[in-house]
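A structural walkthrough
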Amino acid sequence: MTDIEKEENKSLIPSRKYEIDLYSDTLIRRGLELAENLSVKVFVQPDQSDRIVSVAFSPDNRFILSGDCHKVKLWDVSSGKLIKTLIRDKYDEDQEPWAGFDRFVCFSTDGQYFLSTGYSAGQWTVKIGKLPSGKIIRSINRGATTASFLPGSPSVLMVTHYNILELWNFKTGISEKFEDSDDRLGLYKLYDDGRRYYKRSTGIFSSMVITTDGQSAVAVVDQNAYTGSTEHELDLEEDIDSFCDSVEWDLDESCYIMLWDINTGHIAKTFDVPNSSYCISADGGCALSWKWDAPEEGDNLFTLWDIQTGHKIKSFGSARSGDCYKAAITPDGKYALSESGSDPNFTMLILWDVETGDEIWSLESTTLQINSITISPNGKCALLVCSDNTLKILSIPDGKEIATMYSFADDEWVTIKPDGYYNCSADGEQYIKVRINNKVQSIKNFKLKYYRPDLVKKALSVVM
Amino acid sequence: MTKGKSLIKNKTPEDIEFEKKNNDLNHLEEELTQRELELATLLVELQQFHQRYVRIVGVKLAELDEVEAQIAELLASLEPKNEEARENAFRTRAHAKGSAESVDSTIAEEPTEPFKPSEELKRIYREVAKKIHPDLTLNDKTREHRHKLMQEANQAYAEGNIERLVSILNEWESSPNAVEGEGIGAELVRIIRKISQIQIRITAIENEIEELKATELYELKLKVEEAENDERDLLGDMITDVEKKLSNARKRLKALKKKGNVKA
């Protein structure tokens, strides 16, 4: 439109803006600050006594499993309710402080069963339970870091602490090890008797997904290995971090992807990914890799790989947000959600359009610290496990926070929207507080307004 | 019986187009008047909220600024060689002066009751806007007259003055400017141009409303209204908060005066 056309298209009535002078403007701004301090802020004090280690969405997006060091919990996404605690593992936290770290949870492809790995009563165990009752139908004494159900089969494929791929039929109890995975890759070994060894290696299986057709397993081998010790037994009291600091690391900042034929148990393909970090799409069709360190100006942040061919599909993404720590790819492979930050107190989440490499939205926070990102099977939301031990549900299309789920040692729970409306268990309100003008009080006087399970449900309906 | 020719004249394509465009125009006129009403209401509400806020909280903030300016000036006088203290005193005084002037000019305006336009007021405003809105004519000669009347109508609406709105309407209807148009062809062209003109105005109103809603004044108004819905007097709470600060500032000023051996 030319200037003349613009002039012609002007309305005949001049704008009647309500204009105020500079000092009135300042008075209003001060009023807003006062109002902000005086506004009612509903918040929940998180329980940080346990650490959420693993989460999973059910295939129909309706449920979430969260596994912390001691418990596995089943959540109803539609209402934000904690349905029940499925597993309670008991161990001596002083004597076995490492026991809670290898929790892994997942749903079966039909959503009828769940799997949990964990340590209880002196044993590493993999358990299969029925849903929603949580009744354990089979268990095997095995330590495992990750696992996946085979579609249409009562079997799970596990990556054990010995860095072995093991197929276990939980109906018959028969298990078989996959070819050539034994010993070749073990970075560290965590034996069932509680003894721990660190061992020189070429890498570990750190992630594994079964393809939708159930024919292949995609496993990523992380080569962040080191030299310096062939095998070193750690004392129970010995701190793993201190030990790792004491040896000379020889980091190979790359990983490789292995494609296994599940029917034969043989390796079908292996290809290198020259980046140190990665994630695999839920269908096992593609992998996204990136470097931790922010790339040079102009370089791309991410590379997308076709797992079946081992070929690079494309590179994309600028690095304006600093180092990239975590990322996840939507099941349709169209979007990637990354977490990055320039310092520990700054987190930036970015949703990328994989096709164009454009940023769809970004979210900056100085309070949010994220341990993991999981995208729902329908790609509508992301589940963030935060460092304060909360589960945050974020809308993928617009990056808006939908709700945060809190659970407590006494099995009470609270699910709260960013505007303070909440749903909670019978005694969950003891954990909900209100802050007005820096004074904290109980939710009691505000319950009538903020206890709104209907609003929580409505907000969460976008996830379905 | 032979079929005779229909006595009803078939509609020409111009007639059909005229009817269609006329229909579009009527809908747009309705929308335009509704939007004008929304904008006029929002402007009055913002103006009245601003007055209310300044009268209740602004006055206290200006008092606080005055005491803080006195503190800064006293500190500067206690340390005559301290450049920073002098600059701070100067800045704080300018700020207090600005706040006081802003408050004075706002409270000098006639206080008004909260704006709650009646349905009758809204109906007559819409009727007036539908008749006299400057964007409804293509005639340059009458446009200025319409604009002037529309301004008067906006003023009358803001004051809740139904009588004045009715008299504007009567004045317009008896005016020769109210009569326009000659022949269907010319009328069709006029309608098309009016439609375009009205669409531009509706977009302009929407932008104005959007801009007003993006102001901090509107944000503050919303917060106060939200609190009212929760049966909380946010402005009252704000006064309590500012009064606490004022009380502390006064205590500090008193202590400083004592220290500086200045008569309170």
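Per chain, the residues get numbers from 1 upward, laid out in the order the sequence is written. Each chain gets a letter, beginning with A, and each ligand a number, beginning with 1, in the order they are written. With the structure being a predicted model, the display of local features is reserved for residues of pLDDT at least 70 and the display and counting of side-chain atom pairs for 80 or more, all residues being used for whole-chain, interface and lining totals. Excluding hydrogens and water, the side-chain figures rest on all heavy atoms present in the structure.

Helix and strand assignments come from DSSP, with helices taken as H or I runs of at least 4 residues and strands as E runs of at least 2, each series counted from the N terminus. Helices and strands together make up the secondary structure of chain A, namely 5 helices and 36 strands. Here, residues are in contact when the closest pair of their heavy atoms is within 4.5 Å. Taking as baseline every contact in chain A between residues at least 6 positions apart, the subset at least 24 positions apart corresponds to 46%. Accessible surface area values rest on a Shrake-Rupley calculation with a 1.4 Å probe, where residue burial reflects the displayed protein chains alone. When the accessible area of chain A is evaluated, it comes to approximately 21000 Å², of which 47% is carbon and sulfur surface.

Moving on: the overall build of chain B. Of the regular secondary structure elements, chain B holds 8 helices and 0 strands. Element order for chain B, N to C, with α for helix and β for strand: α-α-α-α-α-α-α-α. Exposure classes here rest on a 1.4 Å probe applied to the protein chains alone. A residue is buried below 20% of its type maximum, exposed above 50%, and partly exposed in between. Considering chain B as a whole, with its 264 residues, one finds that 39% of them fall into the buried category. Of all intrachain contacts in chain B linking residues separated by at least 6 positions in sequence, the fraction that spans at least 24 positions is 79%.

A few words on the sheet that holds strand β4 (residues 71-76) of chain A. Residue and element names in this part refer to chain A. Taken together, the 4 strands give an open sheet; going across it, the order is β2-β3-β4-β5, and neighbouring strands pair in antiparallel fashion. Whereas interior strands pair on both sides, the edge strands pair on one side only; in this sheet they are β2 (52-57) and β5 (81-88). Each strand of the sheet is rotated relative to its neighbour by a mean of 20°, with strand direction disregarded. Here, strands pair whenever DSSP counts at least two bridges between them. For β2 and strand β3 (residues 63-68), the ladder comprises 5 bridges, and the chain directions are antiparallel. Between N-to-C directions, angles span 0 to 180 degrees; the directions come from axes that are lines fitted to C-alpha atoms, helices contributing only their stretch in contact.

Between chain A and chain B, the contact holds 32 residues from the first and 47 residues from the second. Buried area is understood as the total, over both parts, of accessible area removed when two parts are fitted together, assessed with a 1.4 Å probe. Both faces considered, chain A and chain B share a buried interface measuring about 3300 Å² in area, 61% of it formed by carbon and sulfur atoms. Broken down by element, the residue count for the side of chain A that touches chain B peaks at 14 residues, all from helix α2 (residues 22-38) of chain A. Classification used: nonpolar for Ala, Val, Leu, Ile, Met, Phe, Trp, Tyr, Cys and Pro, charged for Asp, Glu, Lys and Arg, polar for all others including Gly. Split into classes, the residues belonging to the side of chain A that touches chain B amount to 14 nonpolar, 8 polar and 10 charged.

Our next topic: the sheet that holds strand β8 (residues 123-130) of chain A. All names here are of chain A. Strand order in the open sheet made by the 4 strands is β6-β7-β8-β9, with antiparallel pairing throughout. At either margin of the open sheet sits one strand with a lone partner, and together these are β6 (104-107) and β9 (136-140). Ignoring which end each strand starts from, the neighbouring axes of this sheet average 20° apart. When strand β7 (residues 113-120) meets β8, the two strands line up antiparallel, connected through 8 bridges. Following the sheet pairing, F114 is matched in β8 by G129.

This paragraph deals with the pairing of β2(A). Where burial is concerned, most of β2(A) is hidden: 5 out of the 6 residues are buried. Between β2(A) and β3(A), which pair antiparallel and follow one another directly, the connecting turn spans 5 residues, one of which, N61(A), has a positive phi of 70°.

All names here are of chain A. Put simply, the second largest pocket is a space of about 700 Å³. Of all the secondary structure elements, the ones that give two or more residues to the lining of the second largest pocket are β1 (41-44), β28 (359-365) and β32 (401-407). Counting residues per element, the lining of the second largest pocket draws most heavily on β1, which supplies 4 residues. Classifying every residue of the lining of the second largest pocket by side-chain character gives 11 nonpolar, 8 polar and 7 charged. Grid points spaced at 1 Å over the protein atoms alone were grouped into cavities, where a 1.4 Å probe fits but cannot get out, and pockets, open sets with protein on both sides within 12 Å along at least five of seven lines, with lining residues defined by an atom within 4 Å of a point. Grid points are joined across faces, edges and corners, and a volume is the space filled by probe spheres set on the points.

A cis geometry characterises the amide bond from L131(A) onward to P132(A), with omega recorded as 0°. Of note in this structure, N389(A) is not a glycine but carries a positive phi near 70°.

All names here are of chain A. Scored from 0 to 100, pLDDT records how confident the predictor is in each individual residue. Of all residues in chain A, 81% have pLDDT values of 70 or greater, and the mean over the chain is 82. Across chain A, the element-wise mean pLDDT spans from 43 in strand β14 (residues 188-190) up to 98 in strand β33 (residues 413-416). Segment residues 225-231: pLDDT under 50, and 29 contacts once partners within four positions in sequence are set aside and those in other chains are kept.

Attention now goes to the nonpolar core. As used here, the term nonpolar core means buried Ala, Val, Leu, Ile, Met, Phe, Trp, Tyr and Cys residues forming a set that is joined through side-chain atoms within 4.5 Å. Counting residues in hydrophobic clusters, the biggest one holds 48 residues, and the most contacted among them are Y53(B), V57(B), L61(B), I198(B), L220(B), L234(B) and M238(B). Ignoring any residue separated from it by four or fewer positions in sequence, one finds I198(B) in contact with L25(B), L28(B), E29(B), L32(B), D135(B) and L136(B). V77(A), C381(A), V385(A) and V463(A) belong to the second largest nonpolar core, which has 20 residues in total.

Residues and elements named next belong to chain B. At a minimum axis separation of 8 Å, helix α1 (residues 13-78) and helix α6 (residues 184-213) run at an interaxial angle of 25°. In terms of their interaxial angle, α1 and α6 are classed as roughly parallel. Crossing of α1 against α6: the hand is left-handed. Orientation categories follow fixed angle ranges, with anything under 35 degrees roughly parallel, anything over 145 roughly antiparallel, 65 to 115 roughly perpendicular, and all other angles oblique. By definition, any crossing whose near helix is turned counterclockwise from its far helix by less than a right angle is left-handed, and any crossing with a clockwise turn is right-handed.

Residue and element names in this part refer to chain A. Topologically, S108 is positioned in the loop between β6 and β7. Taking relative accessible area as the criterion, S108 reaches 3% and is therefore assigned buried. Those residues within four positions of S108 in sequence are excluded, and the remaining contacts are P59, Y113 and F149.

On to the packing of aromatic side chains, then. All names here are of chain A. The aromatic pairing rule takes the rings of Phe, Tyr and Trp, using the six-membered ring of Trp, and pairs them if the centres are within 6.5 Å, calling planes under 30 degrees apart stacked, those over 60 edge-to-face and the rest tilted. Tallied over the entire structure, the rule returns 15 aromatic pairs over all chains. Plain terms: the ring middles of Y422 and Y451 are 5.6 Å apart, the flat faces sit at 50° to each other, and that makes the pair tilted. Taken together, the positions of Y422 in strand β34 (residues 422-424) and Y451 in the loop between α4 (447-450) and α5 (453-460) put the pair 29 residues apart, joining distant regions of the chain. Of the residues examined, Y422 reaches a relative accessible area of 0% and is grouped as buried. Aromatic rings pair up to connect Y113, F149, W168 and F170 into one cluster. We call a charge positioned over a ring when the NZ of a Lys or the CZ of an Arg lies within 6 Å of the ring centre and within 35 degrees of the ring normal. The positively charged end of R435 is found above the aromatic ring belonging to F43, 4.4 Å away from the centroid. Across the ring face of Y451, the terminal group of K447 is positioned such that the distance to the ring centre comes to 5.4 Å.

All right, on to the pattern of salt bridges then. For salt bridges, the criterion is a side-chain nitrogen of Lys or Arg within 4 Å of an Asp or Glu carboxyl oxygen. Inspection of the entire model under this criterion finds 40 salt bridges over all chains. E216(B) is paired through a salt bridge with R29(A); the nearest N and O atoms lie 2.9 Å apart. Residue E216(B) is located in helix α7 (residues 216-229), and its partner R29(A) is located in helix α2; the two belong to separate chains. For E216(B), a relative accessible area of 25% gives the class partly exposed.

The next subject is the confidence of the model for chain B. Close reading of the predicted structure is inappropriate where its pLDDT is low. Model confidence for chain B is summarised by a mean pLDDT of 84, while 89% of its residues fall at 70 or above. Confidence estimates for the predicted assembly give a pTM of 0.68 and an ipTM of 0.74.

All names here are of chain B. At a minimum axis separation of 9 Å, α1 and helix α8 (residues 234-259) run at an interaxial angle of 20°. With respect to α8, the axis of α1 lies roughly parallel. Between α1 and α8 the crossing geometry is left-handed.

A word on the environment of E401(A). All names here are of chain A. Among the secondary structure elements, E401 is positioned in strand β32. Distance in space between the C-alpha atoms of E401 and P418 is 6.9 Å, their sequence separation being 17 residues. Apart from residues lying up to four places away in sequence, E401 is in contact with K392, I393, L394 and P418. Side-chain atoms alone can form a polar contact between residues adjacent in sequence; in general such a contact is a pair of N or O atoms within 3.5 Å, and within protein one must be able to donate a hydrogen while the other accepts it. In terms of polar contacts, E401 uses its side chain to reach the side chain of K392, at 3.3 Å. Within the structure, E401 has its side chain in polar contact with the side chain of T404 (distance 2.8 Å).

So, about the side chain of T415(A). Residues and elements named next belong to chain A. Checked against the element boundaries, T415 lands in strand β33. Within the structure, T415 has its side chain in polar contact with the backbone oxygen of G80 (distance 2.5 Å). In this structure, T415 is in contact with W75, G80, A403, T404, M405, Y421, Y422, N423 and V456, ignoring residues within four places of it in sequence.

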